[in-house]
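# Observations on the model geometry
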Amino acid sequence: MKKNYEDVEENQLKRGLTNRHIQLIALGGSIGTGLFLGIGPAAVLAGPSVILGYALAGIIAFFIMRQLGEMVVEEPVSGSFSHFAYKYCGSFAGFASGWNYWILYILVSMAELTAIGVYVQFWWPEIPLWASSLFFFLVINALNFASVKVYGETEFWFSIIKVVAIIAMILFGTYLLISGTGGEQATIHNLYNDGGFFPKGFFEKTANGSFQGLLAAMALIMFSFGGLELIGITAAEAENPEKNIPKATNQVIYRILIFYVGALVILFALSPWQQITTDSSPFVMVFQNLNGMEFELFGNKIFFTRLIANVLNLIVLTAALSVYNSSVYSNSRMLYGLADQGNAPKFLMKLNKQSVPINAILISSCFAAICILINKVIPEEAFSILMSLVVSSLIINWVMISYTHLKFRLAKNKENTKTKFPSLFYPVSNYICLVFLLGILSIMWITNMKLSVELIPIWLGILFICYKVFKTKK
C-alpha cells in the first residue's frame, strides 16, 4: 500500500527538544566560524574598530530575532519564517524564503566544512582540506539520522564546550592583562595604539583600488550572525515553545555583548592587531604567540606551551562542528516545512522510525557535499567565496523576516489580537533593520563582493521560474 505523506499522524515531527536543549542551542547557535575564523579578514580590514561593528550588527540581529520570536511564539510550526512569508506575503514569498534559507544553510555547511579542514591543518598540514571535510561530513550526517533528541544532546554538549571555552578565555585573558603576565605586547592600549581605534578609517579606498575601514568590514561581520534564526526552526520540535522560545530569544543580546564584544576586546588587547592574519584562527594565533612565556598563578610559575594553542584549536574545531551539525538539522526541517506547505515534493516529508525527515537530510547532504569538490579544486579561495555568498543569502533571509513581521503585525492589528511576545520598537525597529541590511548590500556592491550582490536578482529569478514550474506541474 502506498504511503500517504500527508498523513499527520504518521508524518509529524516530535517535540523532543527540552528547555535545556533550546537554551544551549540558542546560546551556542551563533558561536562558530564567523567568530573564530571570520574575524581574521574583518580585523585586517578595520583593526580594533570591528568591535564596534560587531556590537552594531548584533543590535540589528537582536531586533530581527525578536521579530521572528514574536511570530514563532504565536504559531510554532516547522519551517517557521517560510510559513509566515507564505501566510502573510503570498505563496511565492513563502516558496522563495524557504528555498533561500535552505540554500543559505547549504552554503553555511560548505563554509563550516572548509573551516574544519583549516583547523585540522593546524595539527596536520599535509592533510588536504577535502579529506577532513569528507570525514566530518559523514560523521555529522550519520548523527542526524538518529532522533531529534540525539541532535539536541549533541548540540547541547557542543554548545557547553564553546560557551565554557569563551568564558574561560575571557577570564584568563583578563587575568593576563591585569597581572601584567601576558608579556610586553599585552596591554589594553592595543585597542587604540597604532593608528587609533579606527586605524583604517571608516571607509577608505586604498592604492590598489580596494576598500578598507569599518564599513568595508561590515559584510564580513554579518557572516558571524548567521545561525541566530535557528531558534525559529526548533519551534516545531520544542517542548512548551511559548515559554522556551522567548527565554532563548532574549538571551541573544547578552550573548553578543559577552561572547562577541567581550572576546574581541580581549583578543585585540593581548596582541597588536597588525599581527592578525587570515590564515588561521586569530584566537589560536594569539595564544600560540605566547608560547615560551611564563606567568605566575597562586605563587606558582607556569610556562605557556603549545598545549594551550592546541586546546584552543580543538575548541574552535568543536565550534565549527557544532554549526555544521545545526546546519544539517535546520536544512532538513526547512525542506520538511516546504513540503508540508506544498512548496516542495511530498517525498521530503518521509520520516524514519525516529521521526527524522530522512529524505530531506539525504537531499541536503548531497548538495552540501559539493563543498568537498570545491575544497579540492580551489582550496585557497574556498572559504572567502563561500563567506560572501552566505552573507548575500543571509541578507535576503533577514529582509524577508523583518518585512514579513510588518505584514504579520498588520494582520494581527486588524484582528485586534494582542501577541504573546511582542517585538521591540515596532515598526521603527523593522525600518531600521531594512535600511541597515540594504546598506550592507550597497557596501558589498562597492567592494570586492560585488559578484555576490549581482547574483541576488539571478537567484531570485531562478526561484521564480522554479516556483512557476513547480506550481504548474502541481
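For clarity, every value in this text was computed on a predicted model and none was experimentally measured.

As a further point, take the overall build of the chain. From N to C terminus, the chain includes 19 helices and four strands. Per-residue burial for the chain yields a buried fraction of 57% across its 474 residues. Taking the contacts inside the chain whose residues are at least 6 apart along the sequence as the reference set, 80% of them involve residues at least 24 apart.

What follows is about the confidence of the model for the chain. Averaged over the chain, the pLDDT score is 79; the fraction of residues at 70 or greater is 82%. Mean pLDDT across the elements of the chain bottoms out in strand β4 (residues 300-303) (54) and peaks in helix α18 (residues 428-446) (93). Ignoring residues within four places in sequence, the model shows residues 1-10, a span with pLDDT below 50, making 10 contacts including any to other chains.

With that settled, consider the side chain of lysine 412. Looking at the secondary structure, you find lysine 412 in helix α17 (residues 382-414). Residues in contact with lysine 412, not counting those within four places in the same chain, are Glu75, Tyr88, Thr417 and Thr419.

A cis amide bond links tyrosine 426 with the next residue in sequence, proline 427, at an omega value of -5°. Relative to the assigned elements, proline 427 resides in the loop between α17 and α18. Of note, asparagine 416 is a non-glycine position whose phi angle comes to about 55°, a positive value. Within the secondary structure, asparagine 416 is located in the loop between α17 and α18. For asparagine 416, a relative accessible area of 72% translates into the label exposed.

The next subject is the pattern of salt bridges. Counted by the stated rule, this structure contains four salt bridges. In this structure, glutamate 74 engages lysine 420 in a salt bridge whose closest nitrogen and oxygen atoms are separated by 3.7 Å. Pair noted here: glutamate 74 is in helix α4 (residues 50-74) and lysine 420 is in the loop between α17 and α18, with a separation of 346 residues, a long-range link. For glutamate 74, a relative accessible area of 17% puts it in the buried group. Taking the shortest distance from any N to any O, the salt bridge between lysine 412 and glutamate 415 comes out at 3.9 Å.

Our next topic: the environment of tryptophan 130. Turning to its location among the elements, tryptophan 130 is positioned in helix α7 (residues 129-144). Note on tryptophan 130: relative accessible area 31%, which makes it partly exposed. With 17 residues separating them along the chain, tryptophan 130 and leucine 113 place their C-alpha atoms 8.7 Å apart.

Considering the arrangement of structural elements, one finds leucine 230 in helix α10 (residues 230-233). For leucine 230, a relative accessible area of 3% gives the class buried. Separated by 165 residues in sequence, leucine 230 and methionine 65 have C-alpha atoms that sit 9.7 Å apart.

Glancing now at a nonpolar patch on the surface. There is a patch of nonpolar side chains on the surface, built from Leu451, Leu455, Ile458 and Ile462 and spanning about 360 Å² of accessible area. Tracing the backbone through its elements, the reader meets isoleucine 458 in helix α19 (residues 450-473).

Now for the packing of helix α3 (residues 39-46) against helix α9 (residues 214-223). The interhelical angle for the contact between α3 and α9, taken along N-to-C directions, is 175°, at an axis separation of 8 Å. With respect to α9, the axis of α3 lies roughly antiparallel. Between α3 and α9, the residues in contact are Pro41, Ala42, Leu45 and Ala46 and Leu214, Ala216, Ala217, Leu220 and Ile221, respectively. Looking at the contact of α3 with α9, its residues break down into nine nonpolar, no polar and no charged.

So, about the environment of proline 246. Secondary-structure assignment places proline 246 in helix α11 (residues 241-250). By relative accessible area, which is 11% here, proline 246 ends up buried. Note: C-alpha distance between proline 246 and phenylalanine 421 (175 residues apart in sequence) is 6.9 Å. In this structure proline 246 touches Val73, Pro241 and Phe421, once residues within four positions along its chain are discounted.

Rules used in this analysis
Residues numbered from 1 in each chain as written. Predicted model: local features only at pLDDT ≥ 70, side-chain atom pairs only at ≥ 80, totals over all residues. Heavy atoms only, no water. Helix = DSSP H or I, 4+ residues; strand = E, 2+ residues; numbered from the N terminus. Buried < 20%, exposed > 50% of the residue type's maximum accessible area, 1.4 Å probe, protein only. Contact = heavy atoms within 4.5 Å. pLDDT = per-residue confidence, 0-100. Salt bridge = Lys/Arg side-chain N within 4 Å of Asp/Glu carboxyl O. Patch = residues over 30% accessible without salt bridge, like charges linked within 9 Å, V, L, I, M, F, W, Y side chains within 5 Å. Areas by Shrake-Rupley, 256 points an atom, 1.4 Å probe, with all protein chains shown as cover. Axes fitted to C-alpha atoms, helices over the stretch in contact; angles between N-to-C directions. Parallel < 35°, antiparallel > 145°, perpendicular 65-115°, else oblique. Nonpolar A, V, L, I, M, F, W, Y, C, P; charged D, E, K, R; others polar.

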